[in-house]
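# A structural walkthrough
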Amino acid sequence: DAGVIQSPRHEVTEMGQEVTLRCKPISGHNSLFWYRQTMMRGLELLIYFNNNVPIDDSGMPEDRFSAKMPNASFSTLKIQPSEPRDSAVYFCASSTGTSGHNEQFFGPGTRLTVL
Amino acid sequence: AQRVTQPEKLLSVFKGAPVELKCNYSYSGSPELFWYVQYSRQRLQLLLRHISRESIKGFTADLNKGETSFHLKKPFAQEEDSAMYYCALSTSGTYKYIFGTGTRLKVLA
(Lines give C-alpha, C1' and ligand atoms only; values in the text may rest on other atoms or scores of the structure.)
Protein backbone atom coordinates (compact mmCIF):
# COMPACT_ATOMS: atom_id res chain seq x y z
CA ASP A 1 0.00 0.00 0.00
CA ALA A 2 1.40 3.36 -1.03
CA GLY A 3 -0.28 5.05 1.88
CA VAL A 4 -2.09 8.34 1.55
CA ILE A 5 -1.38 9.91 -1.81
CA GLN A 6 -1.41 13.63 -2.43
CA SER A 7 -0.95 15.63 -5.58
CA PRO A 8 0.66 17.81 -6.59
CA ARG A 9 3.64 17.71 -4.25
CA HIS A 10 4.53 21.29 -5.04
CA GLU A 11 2.39 24.07 -6.41
CA VAL A 12 3.45 27.59 -7.27
CA THR A 13 0.75 29.97 -8.39
CA GLU A 14 -0.02 33.63 -8.58
CA MET A 15 -2.37 35.50 -6.34
CA GLY A 16 -5.94 35.27 -7.55
CA GLN A 17 -5.58 31.91 -9.22
CA GLU A 18 -7.58 28.82 -8.30
CA VAL A 19 -5.68 26.01 -6.63
CA THR A 20 -6.89 22.43 -6.28
CA LEU A 21 -5.15 19.93 -4.02
CA ARG A 22 -5.95 16.26 -4.27
CA CYS A 23 -5.89 13.35 -1.88
CA LYS A 24 -6.40 9.62 -2.10
CA PRO A 25 -6.83 8.03 1.34
CA ILE A 26 -5.75 4.54 2.29
CA SER A 27 -8.23 2.01 1.03
CA GLY A 28 -10.69 1.01 3.73
CA HIS A 29 -10.21 4.13 5.81
CA ASN A 30 -13.45 5.95 6.47
CA SER A 31 -12.17 9.22 7.93
CA LEU A 32 -10.25 11.84 6.01
CA PHE A 33 -8.64 15.02 7.34
CA TRP A 34 -7.15 18.12 5.71
CA TYR A 35 -4.52 20.05 7.67
CA ARG A 36 -2.48 23.16 7.04
CA GLN A 37 1.03 23.46 8.42
CA THR A 38 2.77 26.80 8.93
CA MET A 39 5.77 27.86 10.98
CA MET A 40 3.70 30.20 13.10
CA ARG A 41 0.64 28.06 13.79
CA GLY A 42 1.88 24.51 13.38
CA LEU A 43 -0.68 21.93 12.25
CA GLU A 44 -4.23 23.21 11.96
CA LEU A 45 -7.19 21.01 11.11
CA LEU A 46 -9.18 22.53 8.27
CA ILE A 47 -11.92 19.97 7.74
CA TYR A 48 -12.63 16.32 8.27
CA PHE A 49 -14.93 13.83 6.61
CA ASN A 50 -16.39 10.60 7.88
CA ASN A 51 -17.84 8.18 5.35
CA ASN A 52 -17.48 10.93 2.71
CA VAL A 53 -19.62 13.37 4.71
CA PRO A 54 -18.10 16.60 6.04
CA ILE A 55 -18.36 16.46 9.81
CA ASP A 56 -16.53 19.56 10.95
CA ASP A 57 -15.36 22.40 8.71
CA SER A 58 -14.89 24.94 11.47
CA GLY A 59 -11.19 25.14 10.70
CA MET A 60 -11.68 26.33 7.14
CA PRO A 61 -10.28 29.85 7.24
CA GLU A 62 -12.81 31.55 4.97
CA ASP A 63 -15.15 31.09 2.05
CA ARG A 64 -12.25 30.98 -0.37
CA PHE A 65 -11.58 27.46 0.89
CA SER A 66 -13.79 24.52 -0.01
CA ALA A 67 -13.40 20.75 0.22
CA LYS A 68 -15.22 17.82 -1.30
CA MET A 69 -15.16 14.08 -1.00
CA PRO A 70 -17.21 12.65 -3.86
CA ASN A 71 -16.32 9.06 -3.02
CA ALA A 72 -14.35 6.99 -0.53
CA SER A 73 -11.14 7.16 -2.52
CA PHE A 74 -10.82 10.82 -3.44
CA SER A 75 -10.97 14.27 -1.89
CA THR A 76 -10.12 17.77 -3.03
CA LEU A 77 -9.28 20.99 -1.26
CA LYS A 78 -9.83 24.08 -3.38
CA ILE A 79 -8.72 27.64 -2.80
CA GLN A 80 -10.32 30.28 -4.98
CA PRO A 81 -8.99 32.91 -5.23
CA SER A 82 -5.63 32.17 -3.69
CA GLU A 83 -3.68 34.72 -1.66
CA PRO A 84 -0.03 34.88 -0.55
CA ARG A 85 -1.04 34.16 3.05
CA ASP A 86 -2.32 30.77 1.91
CA SER A 87 1.26 29.66 1.33
CA ALA A 88 1.79 26.60 3.52
CA VAL A 89 2.12 22.84 3.44
CA TYR A 90 -1.24 21.12 3.19
CA PHE A 91 -1.55 17.59 4.53
CA CYS A 92 -4.20 14.99 4.01
CA ALA A 93 -4.58 12.17 6.52
CA SER A 94 -6.88 9.20 6.84
CA SER A 95 -7.87 6.81 9.58
CA THR A 96 -10.15 3.90 10.19
CA GLY A 97 -12.70 3.15 12.85
CA THR A 98 -15.23 5.36 14.53
CA SER A 99 -13.08 6.96 17.16
CA GLY A 100 -10.62 9.81 17.19
CA HIS A 101 -8.41 7.51 19.18
CA ASN A 102 -7.30 5.77 16.02
CA GLU A 103 -3.96 6.52 14.42
CA GLN A 104 -4.03 8.97 11.55
CA PHE A 105 -1.88 8.22 8.52
CA PHE A 106 -0.53 11.26 6.75
CA GLY A 107 0.28 11.92 3.14
CA PRO A 108 3.52 13.57 2.04
CA GLY A 109 1.91 16.98 1.83
CA THR A 110 1.54 19.62 -0.87
CA ARG A 111 3.77 22.66 -0.55
CA LEU A 112 1.79 25.63 -1.86
CA THR A 113 3.43 28.92 -2.71
CA VAL A 114 1.22 31.81 -3.74
CA LEU A 115 3.15 34.70 -5.25
CA ALA B 1 -12.01 25.05 24.73
CA GLN B 2 -9.67 22.19 24.04
CA ARG B 3 -6.09 23.20 23.50
CA VAL B 4 -2.61 21.70 23.27
CA THR B 5 0.39 23.79 24.22
CA GLN B 6 3.98 23.06 23.29
CA PRO B 7 5.91 25.96 24.79
CA GLU B 8 9.19 25.38 22.98
CA LYS B 9 9.48 25.96 19.25
CA LEU B 10 13.08 24.78 19.22
CA LEU B 11 15.00 22.56 21.59
CA SER B 12 18.70 21.89 21.08
CA VAL B 13 20.55 19.25 23.07
CA PHE B 14 23.85 17.47 22.75
CA LYS B 15 24.06 13.82 21.81
CA GLY B 16 23.79 11.67 24.90
CA ALA B 17 21.99 14.32 26.94
CA PRO B 18 18.46 13.77 28.28
CA VAL B 19 15.56 15.20 26.33
CA GLU B 20 12.17 16.40 27.51
CA LEU B 21 9.66 17.86 25.08
CA LYS B 22 6.86 19.56 26.94
CA CYS B 23 3.17 19.21 26.18
CA ASN B 24 0.26 20.56 28.19
CA TYR B 25 -3.38 20.17 27.32
CA SER B 26 -6.67 21.73 28.25
CA TYR B 27 -9.67 19.41 28.29
CA SER B 28 -12.19 18.68 30.99
CA GLY B 29 -13.00 15.13 29.88
CA SER B 30 -10.96 11.98 29.50
CA PRO B 31 -8.23 12.70 26.95
CA GLU B 32 -6.41 10.50 24.51
CA LEU B 33 -2.93 11.84 23.86
CA PHE B 34 -0.40 11.16 21.15
CA TRP B 35 3.04 12.18 20.01
CA TYR B 36 3.63 12.42 16.27
CA VAL B 37 7.05 12.90 14.69
CA GLN B 38 8.15 14.25 11.33
CA TYR B 39 11.71 13.42 10.30
CA SER B 40 13.33 15.39 7.51
CA ARG B 41 11.77 14.54 4.15
CA GLN B 42 9.44 11.99 5.71
CA ARG B 43 5.76 11.88 6.50
CA LEU B 44 4.31 12.79 9.82
CA GLN B 45 3.90 9.55 11.71
CA LEU B 46 2.70 8.29 15.04
CA LEU B 47 5.46 7.91 17.62
CA LEU B 48 3.46 6.81 20.64
CA ARG B 49 0.12 7.12 22.38
CA HIS B 50 -0.47 7.29 26.09
CA ILE B 51 -2.91 4.38 26.16
CA SER B 52 -0.21 2.01 24.92
CA ARG B 53 2.19 2.88 27.73
CA GLU B 54 5.11 1.69 25.65
CA SER B 55 8.57 2.96 24.80
CA ILE B 56 9.28 3.68 21.15
CA LYS B 57 12.83 4.44 19.98
CA GLY B 58 13.70 5.01 23.63
CA PHE B 59 11.00 7.65 24.08
CA THR B 60 8.35 7.49 26.78
CA ALA B 61 5.52 9.79 27.75
CA ASP B 62 3.37 9.67 30.86
CA LEU B 63 -0.03 11.25 31.12
CA ASN B 64 -0.25 13.40 34.24
CA LYS B 65 -3.89 14.35 34.66
CA GLY B 66 -3.16 16.49 37.70
CA GLU B 67 -0.77 18.69 35.75
CA THR B 68 -2.59 18.10 32.43
CA SER B 69 0.71 17.21 30.84
CA PHE B 70 2.06 14.59 28.48
CA HIS B 71 5.76 15.33 28.23
CA LEU B 72 7.95 13.26 25.92
CA LYS B 73 11.21 12.03 27.40
CA LYS B 74 14.32 10.18 26.37
CA PRO B 75 17.29 9.60 28.66
CA PHE B 76 20.00 9.78 26.00
CA ALA B 77 19.38 11.73 22.81
CA GLN B 78 20.73 10.51 19.49
CA GLU B 79 21.39 12.51 16.35
CA GLU B 80 18.70 10.60 14.47
CA ASP B 81 16.13 11.92 16.95
CA SER B 82 16.39 15.32 15.28
CA ALA B 83 12.91 16.01 13.95
CA MET B 84 9.71 17.97 14.44
CA TYR B 85 7.54 16.63 17.25
CA TYR B 86 3.84 17.29 17.62
CA CYS B 87 1.68 16.55 20.62
CA ALA B 88 -1.97 15.79 19.81
CA LEU B 89 -5.17 15.50 21.80
CA SER B 90 -8.22 13.49 20.88
CA THR B 91 -11.43 14.12 22.78
CA SER B 92 -14.38 11.86 23.45
CA GLY B 93 -17.05 11.68 20.81
CA THR B 94 -15.04 13.20 17.97
CA TYR B 95 -12.85 11.89 15.23
CA LYS B 96 -10.35 14.67 15.20
CA TYR B 97 -7.05 15.60 16.77
CA ILE B 98 -6.03 18.94 18.16
CA PHE B 99 -2.34 19.42 17.53
CA GLY B 100 0.13 21.61 19.34
CA THR B 101 2.32 23.98 17.38
CA GLY B 102 5.22 21.55 17.43
CA THR B 103 8.76 21.51 18.81
CA ARG B 104 11.78 21.12 16.59
CA LEU B 105 14.38 18.97 18.30
CA LYS B 106 17.99 19.33 17.21
CA VAL B 107 20.49 16.87 18.58
CA LEU B 108 24.01 18.20 18.24
CA ALA B 109 27.04 15.98 17.79
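Refer to the structure printed above.
Attention in this report is confined to the structure presented alongside it. (Residues numbered from 1 in each chain as written. Chains lettered and ligands numbered in written order. Predicted model: local features only at pLDDT ≥ 70, side-chain atom pairs only at ≥ 80, totals over all residues. Heavy atoms only, no water.)

### A look at the overall build of chain B
- The helix and strand inventory of chain B stands at zero helices and 11 strands.
- Secondary structure elements of chain B occur, N-terminal to C-terminal, as β-β-β-β-β-β-β-β-β-β-β.
- Computed over the C-alpha atoms, the radius of gyration of chain B is 13 Å, within 12% of the 13 Å expected from 2.2 N^0.38 for a compact globule of 109 residues.
- Viewed in the frame of its principal axes, chain B has a C-alpha envelope of about 45 × 30 × 25 Å.
- Relative to its 109 residues, chain B shows a buried fraction of 48%.
- Intrachain contacts of chain B at a sequence separation of at least 6 include 57% that bridge at least 24 residues.
- Of the roughly 5,600 Å² of accessible surface on chain B, a fraction of 48% belongs to carbon and sulfur atoms. (Helix = DSSP H or I, 4+ residues; strand = E, 2+ residues; numbered from the N terminus. Rg over C-alpha atoms; globule rule 2.2 N^0.38 Å. Buried < 20%, exposed > 50% of the residue type's maximum accessible area, 1.4 Å probe, protein only. Contact = heavy atoms within 4.5 Å. Areas by Shrake-Rupley, 256 points an atom, 1.4 Å probe, with all protein chains shown as cover.)

### Some points on the sheet that holds strand E8 (residues 72-74) of chain B
Residues and elements named next belong to chain B.
- Strand order in this open sheet of three strands is E3-E8-E7, and the pairing throughout is antiparallel. A single partner strand is all that each edge strand has here, and the edge strands are strand E3 (19-21) and strand E7 (60-61).
- Where E7 and E8 come together, two bridges link them in antiparallel fashion. When the sheet's bridge partners are listed, alanine 61 is paired in E8 with leucine 72. (Pairing = 2+ DSSP bridges.)

### Thoughts on the pattern of salt bridges
Residue and element names in this part refer to chain A.
- Applying the stated criterion across every chain yields a total of 11 salt bridges over all chains.
- One salt bridge connects arginine 36 with glutamate 44, and the closest N-O pair in it is separated by 3.5 Å. Across this residue pair, the class does not change: arginine 36 and glutamate 44 are buried.
- Via salt bridges that share partners, Glu62, Arg64, Glu83, Arg85 and Asp86 belong to a single interconnected network. (Salt bridge = Lys/Arg side-chain N within 4 Å of Asp/Glu carboxyl O.)

### Re the state of the cysteines
Residues and elements named next belong to chain B.
- Counting across every chain of the model gives two disulfides over all chains.
- Residue pairing for cysteine 23: its cysteine sulfur links by disulfide to cysteine 87, the two sulfurs lying 2.0 Å apart. With the S-S bond torsion at -65 degrees, the cross-link from cysteine 23 to cysteine 87 turns out left-handed. Taken together, the residues cysteine 23 in the loop between E3 and strand E4 (24-26) and cysteine 87 in strand E9 (residues 83-90) connect sequence positions 64 residues apart.
- On the basis of relative accessible area, cysteine 87 is assigned to the buried category, the value being 0%. (Disulfide = S-S within 2.5 Å.)

### A short note on the pairing of strand E9 (residues 88-95) of chain A
Residues and elements named next belong to chain A.
- Of all eight residues that make up E9, eight are buried, and the element is covered over most of its length.
- Burial along E9 is two-sided: the residues Ala88, Tyr90, Cys92 and Ser94 and Val89, Phe91, Ala93 and Ser95 are all buried.
- In this structure, strand E4 (residues 31-38) lies alongside E9, joined through seven bridges in antiparallel fashion. Bridging across to E9, phenylalanine 33 finds its partner in alanine 93.
- One ladder, built from three bridges, connects E9 with strand E11 (residues 110-114); its direction is antiparallel. Within the sheet, the bridge partner assigned to alanine 88 lies in E11 and is leucine 112.
- Sheet topology note: the E9/strand E10 (residues 105-106) ladder contains two bridges and is antiparallel. Along E10, the bridge assignment pairs serine 94 with phenylalanine 105.

### Considerations on the pairing of strand E7 (residues 65-71) of chain A
- With five bridges joining them, E7 of chain A and strand E8 (residues 74-79) of chain A adopt antiparallel strand pairing. Bridge pairing links alanine 67 of chain A to leucine 77 of chain A in E8 of chain A.

### As for the packing of aromatic side chains
- A complete count under the given rule lists 14 aromatic pairs over all chains for this structure.
- When the ring of tyrosine 35 of chain A is compared with that of phenylalanine 99 of chain B, the centres are 5.4 Å apart and the planes differ by 85 degrees; the resulting orientation is edge-to-face. Placement of tyrosine 35 of chain A in strand E4 and of phenylalanine 99 of chain B in strand E10 (residues 97-99) is noted, with the two residues assigned to different chains.
- The class of tyrosine 35 of chain A is buried, set by a relative accessible area of 0%. (Phe/Tyr/Trp six-rings, centres within 6.5 Å; stacked < 30°, edge-to-face > 60°.)

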